[in-house]
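# Fold and geometry: a report
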Amino acid sequence: MIDETLLEAELKMEKAIEVVREDFAGIRTGRVNPAMFAKVMVDYYGAPTPLQQLASFTVPEARVLMISPFDKSSLHSIERALRDSDFGGNPSNDGNIIRIVLPELTQERRKEYIKVAHRKGEDAKVAIRNVRRHAMQDLDKLIKDGEVGEDDGKRGEKDLDATTKKFVEQVDEMMKHKEAELLEV
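Residues numbered from 1 in each chain as written. Predicted model: local features only at pLDDT ≥ 70, side-chain atom pairs only at ≥ 80, totals over all residues. Heavy atoms only, no water.

### Concerning the overall build of the protein chain
Quick note on the threshold: Comment: elements are numbered from the N terminus, with helices defined as DSSP H or I runs of at least four residues and strands as E runs of at least two. Partly exposed residues are those whose accessible area sits between 20% and 50% of the maximum for their type, while under 20% is buried and over 50% is exposed, using a 1.4 Å probe and protein chains only. Residue contacts are counted whenever heavy atoms from the two residues lie within 4.5 Å of one another.
A tally of regular secondary structure across the protein chain gives 4 helices and 6 strands. The N-to-C order of helical and strand elements in the protein chain reads α-β-β-β-β-α-β-β-α-α. Taken over the C-alpha atoms alone, the protein chain extends approximately 70 × 40 × 20 Å along its principal axes. Within the span of the protein chain, comprising 185 residues, buried residues form 38% of the whole. Across the protein chain, contacts joining residues at least 24 apart in sequence account for 62% of those joining residues at least 6 apart.

### Observations concerning the domain arrangement of the protein chain
As a measure of interface size, the accessible area lost when the parts come together is often cited. Worth spelling out the cut-off: Each domain span listed reflects an automatic or database assignment of domains.
The assigned domain composition of the protein chain is domain 1 (1-27 + 106-184) and domain 2 (34-101). One C-alpha centre belongs to domain 1, the other to domain 2; they are set 33 Å apart.

### Some remarks on the nonpolar core
Counted only if it meets this: To form a nonpolar core, buried Ala, Val, Leu, Ile, Met, Phe, Trp, Tyr and Cys residues must be joined to one another through side-chain atoms within 4.5 Å.
Within the largest apolar cluster, 29 residues are counted, with the highest numbers of intra-cluster contacts made by Phe-24, Ile-128 and Leu-160. Among the secondary structure elements, those contributing two or more residues to this core are helix H1 (2-25), helix H3 (107-144) and helix H4 (150-183). Sequence-distant contacts of Ile-128, defined by excluding residues within four places in its chain, comprise Met-13, Ala-16, Ile-17, Thr-164, Phe-167, Val-168 and Val-171. Within the second largest apolar cluster, 19 residues are counted, among which are Val-32, Met-36, Ile-67 and Leu-102.

### As for the pattern of salt bridges
Using the following cut-off: Salt bridge, as used here, is a side-chain nitrogen of Lys or Arg placed within 4 Å of a carboxyl oxygen of Asp or Glu.
Inspection of every chain in the model, using the stated rule, returns 16 salt bridges. One salt bridge connects Lys-39 with Asp-23, and the closest N-O pair in it is separated by 3.0 Å. Here Lys-39 is found in the loop between H1 and strand S1 (41-44), whereas its partner Asp-23 is found in helix H1, with 16 residues between them in sequence. Since its relative accessible area comes to 62%, Lys-39 is described here as exposed. Residue Glu-157 is joined to Lys-154 by a salt bridge in which the shortest nitrogen-to-oxygen separation is 3.8 Å.

### So, the pairing of strand S6 (residues 98-101)
Regular strands place their side chains on alternate faces of the sheet. Quick note on the threshold: The pairing criterion for strands is at least two bridges between them, as found by DSSP.
Because side chains alternate across S6, one face comprises the buried residues Ile-98 and Ile-100, and the other comprises Arg-99 and Val-101, none of which is buried. Across 4 bridges, the pairing between strand S4 (residues 64-69) and S6 is antiparallel. The partner of Leu-65 across the bridge, within S6, is Ile-100. Bridging between strand S5 (residues 90-93) and S6 involves 4 bridges; their strand directions are antiparallel. From the neighbouring strand, Ser-92 faces S6, where its bridge partner is Arg-99. Adjacent in sequence and paired antiparallel, S5 and S6 are bridged by 4 residues, among which Gly-95 carries a positive phi angle near 100°.

### Comments concerning the packing of H1 against H4
Our working rule: With axes taken as lines fitted to C-alpha atoms, and helix axes fitted only over the stretch in contact, angles between N-to-C directions fall between 0 and 180 degrees. Angles are sorted into four bins: roughly parallel if under 35 degrees, roughly antiparallel if over 145, roughly perpendicular if 65 to 115, and oblique for all others.
Relative to each other, H1 and H4 sit at 10°, their axes nearing to 10 Å. On the basis of their axis angle, the class for H1 and H4 is roughly parallel.

### Considering the packing of aromatic side chains
Quick reminder of the rule: Side-chain rings of Phe, Tyr and Trp (the six-membered ring for Trp) are treated as a pair once their centres are within 6.5 Å; stacked means planes under 30 degrees apart, edge-to-face means over 60, and tilted covers the remaining angles.
Inspection of every chain in the model, using the stated rule, returns 1 aromatic pair. Between Tyr-44 and Tyr-45, the aromatic rings sit 4.8 Å apart at their centres with planes inclined by 70°, giving edge-to-face as the arrangement. Among the residues examined, Tyr-44 registers a relative accessible area of 23% and is labelled partly exposed. Relative accessible area serves as the criterion here: at 67%, Tyr-45 is assigned to the exposed category.

### What about H1?
What counts is decided by this rule: Expected helix span is given by 1.5 Å per residue-to-residue step, counting one fewer step than there are residues.
With 24 residues, H1 should reach 34 Å at 1.5 Å per residue; the first-to-last C-alpha distance of 35 Å fits that figure. Of all the residues in H1, the buried ones are Ile-2, Thr-5, Leu-6, Ala-9, Met-13, Ala-16, Ile-17, Val-20, Asp-23 and Phe-24. Contacts made by the buried residues of H1 are with H3 and H4.

Here's what the structure looks like:
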């Protein structure tokens with residue numbers, strides 16, 4: 001019972017880490033990263049479709065991204081979706097591919113992105129702590145119902161605290177890495 005509760009909590013914490021990793025990938029640094037466009041949805045024949053499913057990406061230079069649609073008829077829809085998104089570049093369409101040149105990041109913009117990264121990191125830590133709180137409630141219920149001994153329950157709580165600490169440290173490390181990446185000129 002305790003092991004199941006701890007395993008479930010660890011899986012949920014891993015999901016929180018995965019979400020923050022995706023969020024950090026979407027925050028623009030000085031280099032173009034196709035993951036920045038992971039949440040861009042394109043109106044493809046009336047259905048919102050993720051851009052990654054409609055095109056391939058190449059990065060010929062640090063600030064240039066070339067998007068080659070699999071279906072050339074979707075070129076204008078992709079271009080419209082990119083214009084509506086807030087990534088900061090202006091897409092140009094040559095009839096076959098879309099080229100995006102992202103402007104240099106200003107120091108002010110970098111600081112804004114650092115604040116966004118910290119906010120997303122704090123959200124992940126809150127999610128991890130919420131998972132911990134729910135798992136603790138489950139462990140307390142197991143002890144109260146007499147399904148496990150008090151010593152086993154306390155040992156489970158210590159294991160849960162260690163797991164929580166490990167995941168919070170991972171988020172802190174990811175935040176530190178992203179901040180250094182953003183400050184890099």
